[in-house]
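Architecture at a glance
Residues per chain are reported as follows:
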Amino acid sequence: MTDSHDTHKKSQQETGASDVESDAEPTPSPMEVLRQARAQLAELTGMTAESVSSFEQTEDGWSLEIEVLELVRVPDTMSLLASYQVELDRQGMLTGYRRVRRYERGRSDARGQGGR
């Protein structure tokens, strides 16, 4: 009986250890972060996220620049797009965003301005 008792006790200890590990939030993968960022920004602004133009991991979490369609016009090349700087924490939850640029779809950046 001592063997089964020891085995049961060891099993409880292992389970307890795994319960502690499950309390810690897992770090999302970069693809999960991208999906979460697009979905959260769309929910907050009501605008569709078209693409992610920059993405990097920071000391505090993640920083992205997301292009959104702000105003549909005809022809489509005249539609207004905007770049939003989006900050997320390490778990991928949005902590802040701001519009950094607004432009017509058919226009490119002027040479040397770097998009801002």
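Residues numbered from 1 in each chain as written. Predicted model: local features only at pLDDT ≥ 70, side-chain atom pairs only at ≥ 80, totals over all residues. Heavy atoms only, no water.

Attention shifts here to the overall build of the chain. Counting its regular elements, the chain contains two helices and four strands. For the chain, the succession of helices and strands along the chain, N to C, is α-α-β-β-β-β. In the chain, which comprises 116 residues, the share counted as buried stands at 28%. Put simply, of all contacts in the chain between residues at least 6 apart along the chain, 40% involve residues at least 24 apart. Split by element, the accessible area of the chain, about 8,200 Å² in all, is 49% carbon and sulfur. (Helix = DSSP H or I, 4+ residues; strand = E, 2+ residues; numbered from the N terminus. Buried < 20%, exposed > 50% of the residue type's maximum accessible area, 1.4 Å probe, protein only. Contact = heavy atoms within 4.5 Å. Areas by Shrake-Rupley, 256 points an atom, 1.4 Å probe, with all protein chains shown as cover.)

Right, let's get into unusual backbone geometry. The residue after V74, namely P75, is reached through a cis peptide bond having omega 0 degrees. Assignment of secondary structure puts P75 in the loop between β2 (61-71) and β3 (80-89).

With that settled, the discussion passes to the pairing of β3. Counting buried positions along β3 yields eight of ten residues, so the element is predominantly enclosed. When β2 meets β3, the two strands line up antiparallel, connected through ten bridges. Note that in β3 the partner of W62 across the bridge is L88. The pairing of β3 with strand β4 (residues 94-104) spans nine bridges and is classified as antiparallel. Paired with Q85 across the two strands is R98, which belongs to β4. Hairpin connection from β3 to β4: four residues lie between these consecutive antiparallel strands, with G92 at a positive phi of about 90 degrees. (Pairing = 2+ DSSP bridges.)

A few words on the confidence of the model for the chain. Reading predicted coordinates in detail is not appropriate for stretches of low pLDDT. Mean pLDDT over the chain stands at 82; residues scoring 70 or higher make up 73%. Note on residues 7-22: pLDDT is under 50 here. Beyond four places in sequence and across chains, it has zero contacts. (pLDDT = per-residue confidence, 0-100.)

Before going further, it helps to examine the nonpolar core. Ranked by internal contacts, the top residues of the largest apolar core, which has 15 residues, are L41, L64, I66, V68, Y84, V86 and L88. Elements that contribute at least two residues to this core include exactly α2 (30-45), β2 and β3. Apart from the residues lying within four places of it in its own chain, the contact partners of V68 are L41, M47, T48, A49, E50, L80, L81, A82 and Y84. (Core = buried A, V, L, I, M, F, W, Y, C linked by side-chain atoms within 4.5 Å.)

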